[in-house]
Amino acid sequence: MMIQDIEPYRYNVTYKNCHPEEEDCIILLRDGDILLKNSENIIEYPLWAEAKAILGSDIKTVDAKYLFEIEGVGRFFFIREGMSDSIIEVLLNNGYELMTRRQVQYFKPRWAAFAGITACHFADWYDQNRFCGKCGGLMTCHDVERMLYCEKCKIPVYPRINPVVIVGITDGDRILLVKYAGGSYHKYCLVAGFVEVGESLEAAVKREVMEETGIHVKNIRYYKSQPWALSGSMIMGVYCDLDGSDEVSLNDGELSVAEWFDREDVPYGDDGVSVTSELMNGFIEGKEK
C-alpha cells in the first residue's frame with residue numbers, strides 16, 4: 001500500500017468556490033509545517049467550529065481556501081495566511097503541535113496523513129504564485145476551477161505537478177539498488193529522476209539510468225503511479241531489464257552507492273507509504289515480470 005491508498009474513503013479533488021462550515025476540517029500551516037493534535041502517532045485536525053472556538057476573531061473565513069473532500073470523512077480547507085506567533089502560541093497551549101510534512105506522512109489514520117501532505121502541495125502552489133510572472137500583478141482565484149489568473153495579462157496558472165520516474169532495474173534474480181549522495185534519505189532505494197520537457201517517460205527512464213549508473217535498459221514496463229506531495233510530483237514507477245553489461249559507472253554527483261542485490265538479499269523496508277518501497281518488495285515477491 002501507498003500513502004494515497006485510503007480505502008474505503010475516496011479522495012475527491014473537484015474544486016469548489018466555498019467557505020468552511022462548522023463540521024469542515026481545517027489544516028493549519030505555518031512555514032511549511034502542519035499544526036495538529038498527535039497522540040501516539042494518531043493525528044487529528046480541528047474542525048472549523050473548534051478552530052473558531054479556540055482562536056475567535058483571529059481566524060477569518062476569508063483566509064480559508066478549499067482543498068478537497070475525502071468522501072466518508074468530510075471537506076478540507078487550509079489556512080496559511082495570518083498564522084502569527086500569537087496564534088501559534090494559543091494553539092500550542094491547546095494541545096496542538098507543529099509537525100513537518102515528512103513526519104506526518106508516516107502517521108495514522110492513512111487518510112489524515114495523505115490529507116496533510118496533499119494540503120501542503122496545494123498551499124505551496126498558492127504561495128508561490130501570488131504574482132503574475134509577466135507583469136507582476138496580483139493573481140486572482142478563479143470562481144469555477146482550481147486556477148489562478150492575472151486579470152491584466154489573462155495568463156492562467158494551474159497547480160504544478162512535476163513528472164518523475166522511479167526505476168526498478170532487474171537482471172534475472174537481481175535488482176540494482178542505489179543510495180543518493182545528497183539529501184536526508186540515506187537508505188537503499190531506486191534510480192529516479194525528473195522527466196524533461198519534450199521527453200517521453202520511456203526516454204526519461206533510459207536517460208536517468210544511463211546518466212546515474214552508466215548502464216542500458218530495455219523492456220520498460222509500467223507498475224504504478226503515485227502523487228508525491230513532498231516534491232510536488234507525480235511518480236511513475238516502472239520495472240525494466242538490463243540491456244548489456246552490468247558494470248556500473250557511478251555518477252558521483254548523484255549517487256554514493258549502486259549495488260546489485262540477489263532477490264533473497266534485498267533489504268526489506270515496507271514503509272507503507274512509497275511506490276519505491278512497493279517496487280522493491282514487489283521484486284522480492286517476484287511481481288516484476
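Preceding this paragraph is the structure being described.
Residues numbered from 1 in each chain as written. Predicted model: local features only at pLDDT ≥ 70, side-chain atom pairs only at ≥ 80, totals over all residues. Heavy atoms only, no water.

Participant: When you look at the packing of aromatic side chains in this model, what are you seeing that I'm missing?
Facilitator: Note on aromatic pairs: each is described by the distance of the centres and the angle between the planes. Applying the stated rule across the entire model yields 12 aromatic pairs. Between Phe78 and Tyr126 the ring centres are 5.8 Å apart and the planes differ by 40 degrees, which places this aromatic pair in the tilted class. Here Phe78 is found in strand E6 (residues 74–79), whereas its partner Tyr126 is found in helix H4 (residues 110–128), with 48 residues between them in sequence. A single burial state applies to Phe78 and to Tyr126, both of which are buried. For the pair Tyr223 and Tyr239, a centre-to-centre distance of 5.8 Å together with 70 degrees between the ring planes defines the contact as edge-to-face. Placement of the pair is Tyr223 in strand E14 (residues 217–228) and Tyr239 in strand E15 (residues 233–242), with a sequence separation of 16 residues. Classification of Tyr239 by relative accessible area gives buried; the value is 2%. The side chain of Lys65 reaches across the aromatic face of Tyr126, ending 5.5 Å from its centre. When the ring centre of Phe122 is taken as reference, the NZ or CZ atom of Arg146 above it lies at 4.2 Å. (Phe/Tyr/Trp six-rings, centres within 6.5 Å; stacked < 30°, edge-to-face > 60°. Helix = DSSP H or I, 4+ residues; strand = E, 2+ residues; numbered from the N terminus. Buried < 20%, exposed > 50% of the residue type's maximum accessible area, 1.4 Å probe, protein only. Lys NZ or Arg CZ within 6 Å of the ring centre and 35° of its normal.)

Participant: Help me out: how do you make sense of the layout of surface pockets in this one?
Facilitator: Empty space left among the atoms is revealed by rolling a probe the size of a water molecule over them. The computed volume of the largest pocket comes to approximately 1200 Å³. Taken together, 38 residues form the lining of the largest pocket, with Tyr180, Tyr185, Cys189, Trp228 and Thr276 sitting closest to its centre. At the level of secondary structure, the elements contributing two or more residues to the lining of the largest pocket comprise strand E11 (162–171), strand E13 (191–194), helix H5 (201–213), E14, E15 and helix H6 (275–284). The biggest single contributor to the lining of the largest pocket is H6, with four residues. The residue makeup of the lining of the largest pocket, split by class, is 17 nonpolar, 13 polar and eight charged. (1 Å grid on protein atoms, 1.4 Å probe; cavity = no way out; pocket = protein on both sides within 12 Å on 5 of 7 lines; lining within 4 Å. Points joined across faces, edges and corners; volume = space filled by probe spheres on them. Nonpolar A, V, L, I, M, F, W, Y, C, P; charged D, E, K, R; others polar.)

Participant: It is not clear to me how the state of the cysteines should be interpreted in this structure. Could you clarify?
Facilitator: Simply put, the disulfide is a covalent bond whose two ends are the sulfur atoms of two cysteines. Overall, the coordinates contain zero disulfides when judged by the stated rule. In this structure Cys120 is not part of a disulfide, and its nearest cysteine sulfur, from Cys25, lies 15 Å away. Assessed through its relative accessible area of 1%, Cys120 is described here as buried. In this structure Cys240 is a free cysteine whose sulfur lies 15 Å from that of Cys189, the closest cysteine sulfur available. Classification of Cys240 as buried rests on a relative accessible area of 0%. (Disulfide = S-S within 2.5 Å.)

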